[in-house]
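These are the residues of each chain, in order.
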Amino acid sequence: MKLARFLCAILFASVVISGCGKKEGVLGIKTIDVDFRNRSVDMPAGIPVMDIVGAHNIVVSDTFLLVLAENPSGFLQVYSTNSLGYLGSFCLKGRARNEFHSASANTDQVIIRDNHVIPVIFDSYSDPGSVDYHSVLKTVDLTASLRKGSTVVLSSNECDMYTNNDILLLGDDFDTRFEYQMQYEDNEDTIFRHILYNNGRKKEISIFNRLMDTNTKKKYLPYFSNITKHPSRNLVVQLYERLDYLIYMDFETDRFFAVHGKGTISFDDTFESQDPLHSFHFGDVASSSGYMMSLYRNGDYTLNTESSHLIMNGSVMAGTYEHLPEVLIFDWGGNYITGFRMKETIHAIEYDQIHGIMYGLDRNDGIIYSYDLKSFLN
């Protein structure tokens, strides 16, 4: 009996010692390895359908194609997806409640309420990155604006955008929302937060056990991301710009899991400083009831293919060529569906699920391309 107790004690001690030597994993949620890298097929050349000076984002909802552009006479330009005909310009520059200093849509979110199309737009009061940078989140009733012939703003809410908050409304108003908050401080222990507001009550969502190891003082670098939401469900997906990760957060079922690109660096590895030309993974996102698609720039196709477009004042590096992207498509269960190797330089995408058309925006030239996905997705 004494020998048995002695052996049990030795076994327990060895388990404790081995456990102490093992570092805790970064992600506190289930991770699924998915093989989605280098599986894309060629996409036929896009059809240029619009040329809009200063266009920086596009949004599709119902039968509307919304173009956000640096145009003081209307930051929001509206077109029909049925005919691509021009319907009107809204969000004029000014200081009135229904006017804007500048307009951006960092999540491309549109709310459908009482059959009205309501895009969520940020009105920014100073340059991003400045100390006094802040925004007002405004909901614009596009349906009423088209009928009235002028911008109808339903609500305005101040946002502390200096922390790079990404915001998604989960209900009918600002009190029920999801926020991803980031701090740009070197050696900061609390770099990001996933926060759920339910009727004004705040709850932090625990996704990570600890920070990822890095070889740089800029510990925040791995956590830049884009977020999107299912059009009719409180299901949010976060796609990372510098790692092959998608994090699914279903606030209706409290199910949280991560999709990781098989064979690529994981959160449990060490993040190393990357070549700025080849440092981006997931980019702009488009969502529909069945699919979620994202620009992707970490496949061999992008890394080895240059477009003919020379950037002289771009965000990558002056005097360099851009690299052609892929578009990867997933469903809302985390399954990889398909991917496309693009022939054009595009920086933003949107999907028209009524007509089966994907739109791509080249911000350098203001060109919007259309791509017919019906044969691919059917």
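Residues numbered from 1 in each chain as written. Predicted model: local features only at pLDDT ≥ 70, side-chain atom pairs only at ≥ 80, totals over all residues. Heavy atoms only, no water.

All right, on to the pairing of strand β30 (residues 357-362) then. Of all six residues that make up β30, six are buried, and the element is covered over most of its length. Residues of β30 alternate between two faces, with Ile-357, Tyr-359 and Leu-361 on one and Met-358, Gly-360 and Asp-362 on the opposite face, all of them buried. Looking at chain direction, strand β29 (residues 348-352) and β30 are connected through five bridges and run antiparallel. Within the sheet, the bridge partner assigned to Ala-348 lies in β30 and is Leu-361. The loop that links β29 with its antiparallel partner β30 comprises four residues; one of these, Gly-356, has a positive phi angle of about 70°. Here β30 runs beside strand β31 (residues 367-372); their pairing, made up of six bridges, is antiparallel. Residue pairing in the sheet places Met-358 in a bridge with Tyr-371 of β31. (Buried < 20%, exposed > 50% of the residue type's maximum accessible area, 1.4 Å probe, protein only. Helix = DSSP H or I, 4+ residues; strand = E, 2+ residues; numbered from the N terminus. Pairing = 2+ DSSP bridges.)

Turning our attention to the nonpolar core. Judged by nonpolar contacts, the single largest core of 30 residues is most densely connected at Leu-27, Phe-208, Tyr-223, Tyr-240, Ile-247 and Phe-267. For this core, the elements supplying multiple residues, two or more each, are β14 (177-182), β15 (192-198), β19 (235-240) and β20 (245-250). Among all residues touching Leu-27, those that are not within four sequence positions of it are Ile-207, Phe-208, Asn-209, Tyr-245, Ile-247, Ala-258 and Phe-267. Judged by nonpolar contacts, the second largest core, of 18 residues, contains Phe-64, Phe-100, Val-110 and Val-117. (Core = buried A, V, L, I, M, F, W, Y, C linked by side-chain atoms within 4.5 Å. Contact = heavy atoms within 4.5 Å.)

It is worth spelling out the packing of aromatic side chains at this point. All told, the structure shown has 21 aromatic pairs when counted by the stated rule. When the ring of Tyr-369 is compared with that of Tyr-371, the centres are 6.5 Å apart and the planes differ by 40°; the resulting orientation is tilted. In this structure Tyr-369 comes out as buried when scored by relative accessible area, which is 12%. Here the aromatic cluster, defined as three or more aromatic residues joined through ring pairs, consists of Tyr-180, Phe-192, Phe-208, Tyr-223, Tyr-240, Tyr-245 and Phe-267. (Phe/Tyr/Trp six-rings, centres within 6.5 Å; stacked < 30°, edge-to-face > 60°.)

With that out of the way, let us pick up the side chain of Thr-143. Mapped onto the fold, Thr-143 is located in helix α2 (residues 142-148). Residue class for Thr-143 comes out buried when judged on its relative accessible area of 12%. There is a polar contact of 2.9 Å between the side chain of Thr-143 and the backbone nitrogen of Val-117. Dropping the residues within four chain positions of it, Thr-143 is found in contact with Asn-115, His-116 and Val-117. (Polar contact = N/O pair within 3.5 Å; in protein donor to acceptor, adjacent residues only side chain to side chain.)

Read across the sheet, five strands follow the order β1-β21-β20-β19-β18 without closing on themselves; strand pairing throughout is mixed. The sheet is open, and its two borders are formed by β1 (30-34) and β18 (225-229), each paired with just one other strand. When the angles between neighbouring strand axes are averaged without regard to direction, this sheet yields 20°. Across five bridges, the pairing between β18 and β19 is antiparallel. Along β19, the bridge assignment pairs Thr-228 with Val-237. (Axes fitted to C-alpha atoms, helices over the stretch in contact; angles between N-to-C directions.)

Sheet faces and side chains relate simply in a regular strand, where the side chains alternate between the two faces. Counting buried residues along strand β10 (residues 116-124), nine of its nine residues qualify, which places the element largely inside the surrounding structure. Burial of the side chains of β10 extends over both faces: His-116, Ile-118, Val-120, Phe-122 and Ser-124 are buried on one face and Val-117, Pro-119, Ile-121 and Asp-123 on the other. Two elements, strand β8 (residues 103-104) and β10, share two bridges in a ladder whose sense is antiparallel. Residue pairing in the sheet places Ser-104 in a bridge with Phe-122 of β10.

The strands making up a sheet are joined through hydrogen bonds of the backbone, oriented either antiparallel or parallel. Across the sheet, four strands lie side by side as β4-β5-β6-β7; this open sheet has antiparallel pairing. What marks the edges here is a single partner per strand, and that holds for β4 (55-61) and β7 (86-90). Neighbour-to-neighbour, the strand axes of the sheet open up by a mean angle of 20°, direction not taken into account. Two elements, strand β6 (residues 76-80) and β7, share four bridges in a ladder whose sense is antiparallel. Of the residues in β7, the one forming a bridge with Val-78 is Gly-88.

A word on the confidence of the model for the protein. With 85% of its residues at a pLDDT of at least 70, the protein reaches an overall mean of 86. For residues 13-19, every residue scores under 50 in pLDDT, and the model assigns this stretch zero contacts once sequence neighbours within four places are set aside. Low pLDDT, under 50, characterises residues 312-319; the stretch is placed with ten contacts to residues that sit more than four places away or in other chains. (pLDDT = per-residue confidence, 0-100.)

A few words on the environment of Gly-88. Its place among the elements puts Gly-88 in strand β7. Gly-88 sits in the buried class, given a relative accessible area of 8%. Separated by 14 residues in sequence, Gly-88 and Gly-74 have C-alpha atoms that sit 8.6 Å apart. Leaving out residues up to four positions away in the same chain, Gly-88 has contacts with Leu-76, Gln-77 and Val-78.

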